[in-house]
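# Structural overview
As a plain string of letters, each chain reads:
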Amino acid sequence: MAHYFNSQTVRRHIELNMVSSAGQNTVSQGTMLDIPVPCPGLETQREIVAELEKQFSRLDEAVANLQRVKANLKRYKASVLKAAVEGRLVETEASLARREGRTYETGEQLLQRILGERRAKWAGRGKYKEPDAANQSVLGGLPDGWTWIAVDAIAFVTKLAGFEYTKYVTYANDGDLAVLKAENAGPDGFRRTDFSRVHSDSVSTLTRSRVGAGDLLMVFVGAGTGNVACTPNDREYFLGPNIAMIRVDPANVNSPYVEMFLRSPTGKNLALGLTKAVAQPSLSMGNIRMIPVALPPIAEQVRIVAEVDRHLSIIREVAAEVDANLQRAQALRQATLAKAFTASTQH
């Protein structure tokens, strides 16, 4: 009987007779009593159950194997990202330069060039202040040619301030700007949702909250704190609540590399190590600016991203095939039940 009540026949009967009350779907006692139940002889019932259990035992084993593959893919993905940010995924620029007998710009030289350009372009209020440096002494060793930097040294970090949100931002279904929120930065990067919208003219004064292609997003409060995503290049967006924008200068630093580092186990641990110990995890803008990033030479950043993308593409293909097989397994389970109980009515 338990097998029969797991069949699509019973599920369809319940769904067709379900009643919505106070925002919840309920099933009446009468609906349950009206479920048509085939009743073959006891010996036939035993034969059906024995055959179903044999078929489902094989199916359960196959599903368990598929679930193990999914778990292994998740671990493999984490290991790829970890290897990438530790300089173990592609040959380092230092090694290439030695082999080819040439010089190259190290990560430290790149950092000093970036800082020099920032000083030269400074047009803010008051005296220029150097960004805080990453504490090299408490961070792990890096490959030759790499250096530790703080996010603040290579990026502009901001959020939609509370007074701006309450004073200026009003959602409108016909708005021309899609609003990015914490839900749009998932553990695997950017997630598309049914975006809230605002009119661009209503937030025209909030220029720092306009988000463009390549800008990074980081959730700074709640369950997804530390999740990072790169904004796609399909449209302009507006920064919503609970999510920060990290704008990297693409002329000097590869934005996808910074996203990849912050999404890696190494980067995530460094970010979460700065969270406040309160009722729910949170990061201030100051905390985000302090997150250390392992910075390789720019050419190496590009190669690392390309190699990670190649690995992740393979992982996505395998994961999609696993999910398809899991769906086939569920369909086969229902087809087996349908066949068993259709046959039982003919006895």
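Presented here is an overview of the structure given in this document. Quick caveat: nothing in here was measured; it's all calculated off a predicted structure.

## Let's talk about the side chain of Asn-287
One can find Asn-287 in helix α11 (residues 285-290). With residues up to four places along the chain from it excluded, the contact list for Asn-287 reads Leu-274 and Lys-276.

## Here's the deal with the packing of helix α9 (residues 255-263) against helix α10 (residues 265-272)
Two numbers describe how α9 lies on α10: the axes approach to 4 Å, and their chain directions differ by 70°. With respect to their mutual orientation, α9 and α10 come out roughly perpendicular. Every residue of α10 that contacts α9 at Phe-261, Leu-262 and Arg-263 is listed here: Pro-265, Thr-266, Gly-267, Lys-268 and Leu-270. Here the residues of the contact of α9 with α10 sort into four nonpolar, two polar and two charged.

## With respect to the side chain of Asn-227
By the secondary structure assignment, Asn-227 is in the loop between β10 (216-219) and β11 (228-230). A distance of 3.3 Å separates a polar side-chain atom of Asn-227 from the backbone oxygen of Ala-185. If we skip the residues at most four places from it in the chain, Asn-227 touches Ala-185, Gly-186, Pro-187, Leu-217, Met-218, Val-219 and Lys-268.

## Brief notes about the sheet that holds strand β12 (residues 237-239)
Sheet architecture is open: four strands sit in the order β8-β5-β12-β9, paired in mixed fashion. Here the strands that pair on one side only, and so sit at the sheet edges, are β8 (196-198) and β9 (210-211). Alignment of strand β5 (residues 177-180) against β12, held across three bridges, turns out to be parallel. Looking across to β12, one finds that Val-179 is bridged to Phe-238.

## So, the pattern of salt bridges
Summed over the entire model, instances satisfying the criterion amount to 20 salt bridges. Among the ionic pairs, Glu-86 bridges to Lys-82, the shortest N-O distance being 2.7 Å. Since its relative accessible area comes to 29%, Glu-86 is described here as partly exposed. Residue Lys-82 is classed as partly exposed on the basis of its relative accessible area, which comes to 35%. Residue Glu-236 pairs with Arg-210 through a salt bridge whose shortest N-O separation is 3.1 Å. You can see Glu-236 sitting in the loop between β11 and β12 and its partner Arg-210 sitting in strand β9, a full 26 residues away along the chain. For Glu-236, a relative accessible area of 40% corresponds to the partly exposed category. A network of salt bridges, in which partner residues are shared, links Glu-93, Glu-100, Arg-102 and Arg-303.

What counts and what doesn't
- Residues numbered from 1 in each chain as written.
- Predicted model: local features only at pLDDT ≥ 70, side-chain atom pairs only at ≥ 80, totals over all residues.
- Heavy atoms only, no water.
- Helix = DSSP H or I, 4+ residues; strand = E, 2+ residues; numbered from the N terminus.
- Contact = heavy atoms within 4.5 Å.
- Axes fitted to C-alpha atoms, helices over the stretch in contact; angles between N-to-C directions.
- Parallel < 35°, antiparallel > 145°, perpendicular 65-115°, else oblique.
- Nonpolar A, V, L, I, M, F, W, Y, C, P; charged D, E, K, R; others polar.
- Polar contact = N/O pair within 3.5 Å; in protein donor to acceptor, adjacent residues only side chain to side chain.
- Pairing = 2+ DSSP bridges.
- Salt bridge = Lys/Arg side-chain N within 4 Å of Asp/Glu carboxyl O.
- Buried < 20%, exposed > 50% of the residue type's maximum accessible area, 1.4 Å probe, protein only.

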